[in-house]
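Coordinate analysis (summary)
Chain by chain, the residues run as shown.
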Amino acid sequence: MKAIICTKYGEPEVLQLQEVQKPSPKNNEVLIKIHATTVHIGDTKIRGFKPSMGMLDLIVKPVMRIMIGFWGPRRKILGMDLAGMVEAVGTDVTRFKVADEVFGSSEMKFGTYAEYICLAEDDILAIMPNNMTFKEATPVANGGLTALYILRKAKIQKGQKVLIYGASGSVGTYAVQLAKYFGAKVTGVCSTGNVAMVKSLGAGCIIDYMQEDFTKNDEHYDIIFDAVGKLTHKKCKKSLTKNGVYLNVLRATDALKLKVEDLAYLKEIIEAGQLKSVIDRTYPLEKMVEAHRYVDKGHKKGNVVITPL
Ligand SMILES: NC(=O)c1ccc[n+]([C@@H]2O[C@H](COP(=O)([O-])OP(=O)(O)OC[C@H]3O[C@@H](n4cnc5c(N)ncnc54)[C@H](OP(=O)(O)O)[C@@H]3O)[C@@H](O)[C@H]2O)c1
């Protein structure tokens, strides 16, 4: 099968299209033909060995080397998100059958920059929403579950004023819609070119960060969710209500454990027409270098999708 191999840490050119052996499922695994995967910013941080946690990088980098590899990733095929079709099942598998359309995340097993992957049936895997394409379903298990986790951590309540900073990114676009779904009054912060898109996702109020610094107006929010990790609690303090909370996507996800029940929960919201994926660009597998170059710039709108087929 075709796969993208990350030969070492570095610029996007370290990613090379190669022919590798197609995996075969163990008894508890399913073999999935991948129809779509994504390139998210986390993939590019691993490829470039750039954790972007500021001063914490001094601690994070050695830990990262131990966890994922010293001079290059131990697991050479990167990528975590997937949507595809089950092609074969191991003898013990009961949750899935051949031809099921599934979506999910391989998490730290990586391996989705390829035509096929084997995952255990109890990995982060669920039947796809019946109203999404493969391209739309693939980013949900990362950006969607991250947004859900942080909004729950903030204990979001109906009627609260919630500000989503970086509302046009992957996490941000899901966060705007989920906050609206939970009954909050949502303000999205984005740049001029993304105002219409963020509004269409349900933000009642938009602040264009190129025109206005929200920390300098007199508004107060119960939750400020920094979905791009560019702010600090100190900067936001004046804009919080008395019991308001500031959550930064880079710090608030340290204990994030993806759960298959949560993926099923998002599937229900999607099928109810309350949550969709914003797709910016789509690249074929062989254009992975270009896809990484684009995501590296930090200005994608929603999600960048790769189609191995
Ligand atoms: N995606 C995931 O599944 C996931 C999971 C866990 C954690 N994270 C972390 O969450 C962070 C965001 O990830 P992401 O994939 O959502 O990011 P992303 O899609 O790459 O974010 C890009 C978006 O952020 C906006 N942006 C950039 N600088 C901004 C600024 N100064 N103010 C406001 N908006 C700004 C950009 O809009 P403009 O072009 O208009 O500036 C662009 O639409 C990353 O640090 C990532 O590591 C992501």
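Residues numbered from 1 in each chain as written. Predicted model: local features only at pLDDT ≥ 70, side-chain atom pairs only at ≥ 80, totals over all residues. Heavy atoms only, no water.

**Observations regarding the overall build of the protein chain**
Which entries qualify depends on this criterion: A run of H or I in DSSP becomes a helix once it reaches four residues, and a run of E becomes a strand once it reaches two; helices and strands are each numbered from the N terminus. Note that the radius of gyration is over C-alpha atoms, with the globule rule given as 2.2 Å times the number of residues to the power 0.38. Contact definition: two residues touch when any of their heavy atoms are within 4.5 Å. Note that accessible areas follow from Shrake-Rupley with a 1.4 Å probe, and for residues the cover is restricted to the protein chains shown. In summary, the charge assignment counts Lys and Arg as positive and Asp and Glu as negative, without counting His or the chain termini. Every charge is mapped to an atom, namely NZ of Lys, CZ of Arg, CG of Asp or CD of Glu.
Per the secondary structure count, the protein chain includes ten helices and 14 strands. Over its C-alpha atoms the protein chain spans a radius of gyration of 19 Å, differing by no more than 12% from the 19 Å that the globule rule assigns to 309 residues. Overall size of the protein chain, expressed as C-alpha extent along the three principal axes, is 60 × 40 × 30 Å. Considering only residue pairs separated by 6 or more positions, the protein chain has 68% of its internal contacts joining residues 24 or more positions apart. Total accessible area computed for the protein chain in this model is approximately 14,300 Å², and 55% of it derives from carbon and sulfur atoms. The positive charge centre, built from 43 side chains, and the negative charge centre, built from 33, are 6 Å apart in the protein chain.

**A closer look at unusual backbone geometry**
Worth spelling out the cut-off: Summary of the burial criterion: residues with accessible area below 20% of their type's maximum are buried, those above 50% are exposed, and those between are partly exposed, where the area comes from a 1.4 Å probe applied to protein chains only.
Unusually for a residue other than glycine, F49 sits at a positive phi of about 50°. Its location among the elements puts F49 in the loop between α1 (41-48) and α2 (57-68). Here F49 falls in the buried class, since its relative accessible area comes to 7%.

**Concerning the domain arrangement of the protein chain**
In plain terms, the rule: For each domain, the first and last residues come from an automatic or database assignment. Once two parts are brought into contact, the accessible area they lose, counted with a 1.4 Å probe and summed over both, makes up the buried area. Counted as salt bridges are all cases of a side-chain nitrogen of Lys or Arg within 4 Å of a carboxyl oxygen of Asp or Glu.
Assigned domains within the protein chain: domain 1 (2-139 + 277-307) and domain 2 (142-252). One C-alpha centre belongs to domain 1, the other to domain 2; they are set 27 Å apart. With 17 residues of domain 1 at the contact, the number on the domain 2 side is 14 residues. Here domain 1 packs against domain 2, burying approximately 1,100 Å² in sum over the two surfaces, 46% of which is carbon and sulfur. The largest per-residue losses of area from domain 1 upon contact with domain 2 belong to M53, V278 and K301, which jointly make up 36% of the total buried on that side. Remark: the boundary between domain 1 and domain 2 carries zero salt bridges.

**Description of the site of the ligand**
For clarity, the cut-off: Nearness here has a simple test: a residue counts as near a molecule or strand if at least one of its heavy atoms is within 4 Å of that partner. Any N or O atom pair separated by 3.5 Å or less is treated as a polar contact, with the protein-specific requirement of one donor-capable and one acceptor-capable atom, and with residues adjacent in sequence counted only for side-chain atom pairs. Three categories are distinguished: nonpolar for Ala, Val, Leu, Ile, Met, Phe, Trp, Tyr, Cys and Pro, charged for Asp, Glu, Lys and Arg, and polar for the others, with Gly belonging to the last.
Around the ligand, a shell composed of 24 residues is seen, among which S168, S191, Y209, H299 and K300 lie nearest. Within the backbone of S170, an N or O atom sits 3.0 Å from an oxygen atom of the ligand. A distance of 2.4 Å is found between an oxygen atom of the ligand and a side-chain nitrogen or oxygen belonging to Y209. Relative to its unbound accessible surface of 890 Å², the ligand loses 89% to contact with the protein. Those elements giving two or more residues to the shell around the ligand turn out to be α1, α4 (140-153), α5 (170-181) and α8 (249-252). Its residues assigned to classes, the shell around the ligand comprises eight nonpolar, 13 polar and three charged.

**Some details on the environment of V289**
With respect to the secondary-structure elements, V289 resides in helix α10 (residues 288-296). Sequence separation between V289 and L17 is 272 residues; the distance between their C-alpha atoms is 9.6 Å. Ignoring anything within four residues of it in the chain, the contact list for V289 reads P12, E13 and L15.

**Let's talk about the packing of α1 against α10**
The relative placement of two packed helices is expressed as an angle between their axes plus a distance between the axes. Cut-off, in case you're wondering: Orientation is described by axes fitted as lines to C-alpha atoms, over the contacting stretch for helices, and by angles from 0 to 180 degrees between their N-to-C directions. Here the angle decides the label: under 35 degrees means roughly parallel, over 145 means roughly antiparallel, 65 to 115 means roughly perpendicular, and every other value means oblique.
At a minimum axis distance of 9 Å, the contact between α1 and α10 shows a crossing angle of 105°. In terms of axis orientation, α1 runs roughly perpendicular to α10. Together, I41, D43, T44 and R47 of α1 and H292, V295 and D296 of α10 make up the contact between the two elements. Of the residues assigned to the contact of α1 with α10, the class counts are two nonpolar, two polar and three charged.

**What about the state of the cysteines?**
Rules: When the sulfur atoms of two cysteines come within 2.5 Å, that pair is taken as a disulfide.
Using the criterion set out here, one finds zero disulfides in the structure. Here C205 stays unpaired: no disulfide links it, and the sulfur of C190, its closest cysteine neighbor, is 11 Å away. Accessibility expressed as a relative area gives 35% for C205, which makes it partly exposed. Looking at the unpaired C236, the closest cysteine sulfur is the one in C205, lying at 16 Å.

**As for helix α9 (residues 260-271)**
Selection rule: How far a helix is expected to stretch is found by multiplying one less than its residue total by 1.5 Å. Here the arc refers to the directions that run from the helix axis out to each C-beta atom.
If you check α9, its first and last C-alpha atoms are 16 Å apart, about what twelve residues at 1.5 Å a residue would give, namely 16 Å. Taken together, the buried positions of α9 are D262, L263, L266, K267, I269 and I270. Seen along its axis, α9 keeps its buried residues to an arc of 165°; they face one direction. Facing away from the buried side of α9 by over 90 degrees, the exposed positions are E261 and E268. Just past α9, the residue G273 takes up positive phi, approximately 80°.

**With respect to the sheet that holds strand β9 (residues 185-190)**
Rule in force here: Strand pairing is defined by DSSP finding a minimum of two bridges between the two strands.
Spatially, the five strands line up as an open sheet ordered β10-β9-β8-β11-β12, and their pairing is parallel. The open sheet has two edge strands with one neighbour each: β10 (205-208) and β12 (240-248). Recorded for the sheet is a direction-independent mean angle of 15° between the axes of neighbouring strands. By the bridge criterion, four bridges tie β9 to β10 in an arrangement that is parallel.

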